Amino acid sequence: MTTAPSERIDSVSAAAYRIRHHALTMGEVQGQGYVGQALGAADMLAVVYADQLRFRAEDPHWEARDRFLLSTGHYAIGHYAALAEAGIIPVQELDTYGSDNSRLPMSGMSTYTPGMEISGGSLGHGLSIAVGAALGLRYQGSAARVYNFLSDGELDEGSTWEAAMGAHHHQLGNLTAMVDINALQADGKTDTVLRTEPVTEKWEAFGWYTQRVDGNDVGALLAAFDNAAAQAAAVGRPSVILCDTKVGRGVPLLEQREKAHFMRIEEHEWQICREELTAGYEGKAAR
């Protein structure tokens, strides 16, 4: 596995820090929400939007763009933060998150938000849509790639594995899936709801080029995405990057929350969260 240059790691790490900051801004608007998932997945989103994805901020419907499909609609708070960091939506619009007439509903809706390719809600549909998108782009002769963001909870769904089998059958080398493995679902810890391990071996058995990395290690993520990009082709193996993450990453106060799937954060705690996030980022940058 190749190692990314330190300048590239620093640039993406800075984007991840800003994405986390944006997520806290939106969370404070509602006083609650899926903040923990946004913080945990920020490094993944930063690598995609700051380093990998081909897009035009001023033209979200650019025909030659790569497609990023958020299968987990409740992660929209993190996706909006990444869209703002990418310049696709204005940063100041984040203050409207979840409000009446906002383009930023709490669950992702493609009809409302620029840059949101699909609507989220019931889990388990994203990879099927991604398979169709990747196949359609290939038929069109497009060089665009499809990225699909999944959660480990979606691996409970049979439709996910049907789609995985279909992607291998059609040899969709233009498809990369990323799975946020944070070990937590609405009903409890993932391994108590439905054990899905050994996940790596399962994806490999379905014929995918499979990598598993620390999803909060920007250098490891960049290397994994570079490896997936090197595999990309109109016809070839689809790629999956399994990312072990921590809910609330970067904010120790929230990392330790027992009920972390949908967080309720007290009014006085938001500033503490920001201070912890900034201190942690500046401390790493100084080393």
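In the block above lies the structure referred to throughout.
These numbers were taken from a predicted model, which means no experiment stands behind them. (Residues numbered from 1 in each chain as written. Predicted model: local features only at pLDDT ≥ 70, side-chain atom pairs only at ≥ 80, totals over all residues. Heavy atoms only, no water.)

(A) Representation of the packing of aromatic side chains within the structure. Considering all chains together, one arrives at 10 aromatic pairs under this definition. Relative to tyrosine 97, the ring of tyrosine 80 lies with its centre 6.2 Å away and its plane at 65°, an arrangement referred to as edge-to-face. Within this pair, whereas tyrosine 80 is found in helix α3 (residues 76–85), its partner tyrosine 97 is found in the loop between α3 and α4 (126–139), the two being separated by 17 residues in sequence. Each member of the pair, tyrosine 80 as well as tyrosine 97, is classed as buried. An aromatic cluster is defined as three or more aromatic residues linked by ring pairs; in this entry it consists of Tyr49, Phe55, Phe68, Tyr75 and Phe149. (Phe/Tyr/Trp six-rings, centres within 6.5 Å; stacked < 30°, edge-to-face > 60°. Helix = DSSP H or I, 4+ residues; strand = E, 2+ residues; numbered from the N terminus. Buried < 20%, exposed > 50% of the residue type's maximum accessible area, 1.4 Å probe, protein only.)

(B) Representation of α3 in the model. Buried residues dominate α3, accounting for nine of its 10 residues. For α3, the elements touching its buried residues are α1 (6–30), α2 (35–52) and β2 (67–70). Positive phi appears at glycine 87, one or two residues downstream of α3, with a value of about 85°. (Contact = heavy atoms within 4.5 Å.)

(C) Representation of the pattern of salt bridges within the structure. Applying the stated rule across the entire model yields 11 salt bridges. A salt bridge links aspartate 66 to arginine 54; the nearest nitrogen and oxygen atoms lie 3.3 Å apart. Separated by 12 residues along the polypeptide, aspartate 66 in the loop between α2 and β2 and arginine 54 in the loop between α2 and β2 bring together distant segments of the chain. Among the residues examined, arginine 54 registers a relative accessible area of 37% and is labelled partly exposed. Connected via shared salt-bridge partners are Arg8, Asp51 and Asp226. (Salt bridge = Lys/Arg side-chain N within 4 Å of Asp/Glu carboxyl O.)

(D) Structural context of the layout of surface pockets. Taken as a whole, the largest pocket spans an internal volume of roughly 570 Å³. What lines the largest pocket is a set of 23 residues, among which Ser13, Asp43, Val218, Tyr281 and Lys284 lie closest to the centre. Secondary-structure elements contributing two or more residues to the lining of the largest pocket are α1, α8 (218–231), α9 (252–255) and α10 (269–286). Tallying contributions element by element places α1 first for the lining of the largest pocket, with seven residues. Of the residues in the lining of the largest pocket, the class split is nine nonpolar, five polar and nine charged. (1 Å grid on protein atoms, 1.4 Å probe; cavity = no way out; pocket = protein on both sides within 12 Å on 5 of 7 lines; lining within 4 Å. Points joined across faces, edges and corners; volume = space filled by probe spheres on them. Nonpolar A, V, L, I, M, F, W, Y, C, P; charged D, E, K, R; others polar.)

(E) Summary view of the side chain of threonine 113. Structurally, threonine 113 is set in the loop between α3 and α4. For threonine 113, a relative accessible area of 3% corresponds to the buried category. In terms of polar contacts, threonine 113 uses its side chain to reach the backbone carbonyl oxygen of arginine 103, at 2.5 Å. Setting aside residues up to four positions removed in sequence, threonine 113 forms contacts with Tyr80, Leu83, Arg103, Leu104 and Pro105. (Polar contact = N/O pair within 3.5 Å; in protein donor to acceptor, adjacent residues only side chain to side chain.)

(F) Examining α2 more closely. Compared with an ideal rise of 1.5 Å per residue, which puts 18 residues at 26 Å, α2 spans 24 Å between its outermost C-alpha atoms and is within 8% of the ideal. Within α2, the axis deviates most sharply at alanine 41, by approximately 50°. Among the 18 residues of α2, 16 are classified as buried, and the element is accordingly described as predominantly covered. (Expected span 1.5 Å × (residues − 1). Bend = angle between axes of the 7 residues up to and from the residue.)

(G) Quick look at the packing of α1 against α3. In the contact formed by α1 and α3, the axes pass within 8 Å of each other and the chain directions differ by 125°. The orientation of α1 relative to α3 falls into the category oblique. Read as a crossing pair, α1 and α3 show a hand that is right-handed. Residues Ala15, Arg18, Ile19, His22, Ala23, Met26 and Gly27 of α1 lie in contact with α3, whose contacting residues are Ile77, Gly78, Tyr80, Ala81, Ala82, Ala84 and Glu85. Here the contact of α1 with α3 is composed, by residue class, of nine nonpolar, three polar and two charged. (Axes fitted to C-alpha atoms, helices over the stretch in contact; angles between N-to-C directions. Parallel < 35°, antiparallel > 145°, perpendicular 65-115°, else oblique. Left-handed = near helix turned anticlockwise from the far one by under 90°.)

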